[in-house]
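Structure at a glance
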Amino acid sequence: EQVIDIGKAVDQSTGTRLRQFERSALGKTGHSAGWTFRLELLEKYYANDVRLLRSFHNIYCSWRDVVDADPSVLETQLISGYRLKWGCRPYLNRKD
């Protein structure tokens, strides 16, 4: 299993954020990681075959409700921790 994105959903549900990712991956707007997924993975490696997205049953999502910390700080810490362990950011994260 590979982590492709670490992100946050502030003032919206996790489901809303995941739908935004899917819409962007299909070519609409709403989520920068979804758009990057489309441009850099679908177009580059899968010849823009959107059938790949229909296999989302193989993609797992994990989340944590944050009530005791700043979500932006936690996101930065998680990305930094990933980078320390693996030597790079998750594929769709463009900044720390």
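Residues numbered from 1 in each chain as written. Predicted model: local features only at pLDDT ≥ 70, side-chain atom pairs only at ≥ 80, totals over all residues. Heavy atoms only, no water.

A separate point is the nonpolar core. With five residues, the main nonpolar core is built from Phe21, Ala25, Ala33, Phe37 and Leu92. Those elements giving two or more residues to this core turn out to be helix H1 (14-25) and helix H2 (32-45). (Core = buried A, V, L, I, M, F, W, Y, C linked by side-chain atoms within 4.5 Å. Buried < 20%, exposed > 50% of the residue type's maximum accessible area, 1.4 Å probe, protein only. Helix = DSSP H or I, 4+ residues; strand = E, 2+ residues; numbered from the N terminus.)

The residue Ser24 is located in helix H1 in this model. Of the residues examined, Ser24 reaches a relative accessible area of 1% and is grouped as buried. Setting aside anything within four residues of it in sequence, one finds Ser24 in contact with Thr29, Gly30, His31, Gly34, Trp35 and Arg38. (Contact = heavy atoms within 4.5 Å.)

Let us now look at the side chain of Asn93. Looking at the secondary structure, you find Asn93 in the segment after helix H3 (71-86). A distance of 2.7 Å separates the side chain of Asn93 from the backbone oxygen of Ile6, its partner in a polar contact. When sequence neighbours within four positions are dropped, the list of residues in contact with Asn93 reads Ile4, Asp5, Ile6 and Ile79. (Polar contact = N/O pair within 3.5 Å; in protein donor to acceptor, adjacent residues only side chain to side chain.)

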